[in-house]
Amino acid sequence: MNFEFEEFNSPEDIFVYMSTIAPPMKNMLPINSYKGYIFSLIPLNPTTGDMYLVIYTKGKLDGKMLEFDMNTKKYKSVEAAERTDKNYFVVLTPKRNTIADAAIKELEKNPT
C-alpha cells in the first residue's frame, strides 16, 4: 500500500476540505478518530486500492455525528442530520483499522 499525506492544523480545516470535495448533495461524510489522529482515507486508485490520500491532523473527536457550518467553520455534536445547508460528519472510532495502522506507521516513520 502507498500513501500520500496532507496535514492540516485543525479538524475544522479537514471538514472544509472534505466539504469541498464531496459530490453535490452529499452532506453526510465519514471521518475517523483513531490512535490520536483525526483523518480521512481517500482512495486515489479505486480499481486497485493500493494508493490512498490521507488528510489528517492530530487530535481526537468525540460524538457520533457532527454538524459543520462551512460559513463559520464551526462544528457541534448533533443527534440527527436535519439541515440541507450543513455538512454532517459521522465520527468513526474503530477498534482496529489495518489500513489506518499502515498509514500511521508510514507517517510516523517519515515525519516532515
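Structure: above.
The structure presented is a predicted model; accordingly, all values stated were derived computationally and were not measured.

Caption draft 1: Spotlight on the packing of aromatic side chains. Under the definition given, this model contains nine aromatic pairs. An aromatic cluster is built from Phe 3, Phe 5, Tyr 37, Tyr 52 and Tyr 56, whose rings are joined through pairwise contacts.

Caption draft 2: Up close: the environment of Arg 96. Mapped onto the elements of the fold, Arg 96 is located in the loop between β7 (87-92) and α2 (98-109). We classify Arg 96 as exposed; its relative accessible area is 65%. Between the alpha carbons of Arg 96 and Lys 35 there is a distance of 9.7 Å; along the sequence they are 61 residues apart. Not counting the four nearest positions on each side in its chain, Arg 96 is found in contact with Tyr 34 and Asp 101.

Caption draft 3: View of the environment of Lys 35. Along the polypeptide, Lys 35 turns up in the loop between β2 (28-34) and β3 (37-43). With 21 residues separating them along the chain, Lys 35 and Tyr 56 place their C-alpha atoms 12 Å apart. Discounting chain neighbours no more than four positions away, the residues touching Lys 35 are Asp 101 and Ile 104.

Caption draft 4: Layout of unusual backbone geometry. One non-glycine residue, Lys 35, adopts positive backbone phi at about 50°. Residues other than glycine seldom take positive phi values, yet Lys 73 does so here, at roughly 55°.

Caption draft 5: Structural context of the side chain of Lys 86. Summarising the element assignment, Lys 86 is placed in the loop between β6 (74-77) and β7. There is a polar contact of 2.6 Å between the side chain of Lys 86 and the side chain of Asp 69. Sequence-distant contacts of Lys 86, defined by excluding residues within four places in its chain, comprise Asn 27, Glu 67, Phe 68 and Asp 69.

Parameters at a glance
Here, residues in each chain are numbered from 1, in the same order as that chain's written sequence. Per-residue local features are limited, in this predicted model, to residues with pLDDT of at least 70; the limit for side-chain atom pairs, both in listing and counting, is 80 or more; totals at the level of whole chains, interfaces and linings are taken over all residues. By convention in this description, side-chain values take in all heavy atoms of the structure and omit both hydrogens and water. Note on aromatic contacts: the rings of Phe and Tyr and the six-membered ring of Trp form a pair at centre separations within 6.5 Å, being stacked when their planes are under 30 degrees apart, edge-to-face when over 60 apart, and tilted otherwise. Only DSSP runs of H or I with at least four residues qualify as helices, and only runs of E with at least two residues qualify as strands; both kinds are numbered from the N terminus onward. For every residue, the accessible area (1.4 Å probe, protein chains only) is compared with the maximum for its type, and the residue is labelled buried under 20%, exposed over 50%, or partly exposed between those bounds. For this analysis, residues touch if any pair of their heavy atoms sits within 4.5 Å. Any pair of nitrogen or oxygen atoms within 3.5 Å is treated as a polar contact; in protein, a donor-acceptor pairing is required on top of that, and neighbouring residues in sequence qualify only through side-chain atoms on both sides.

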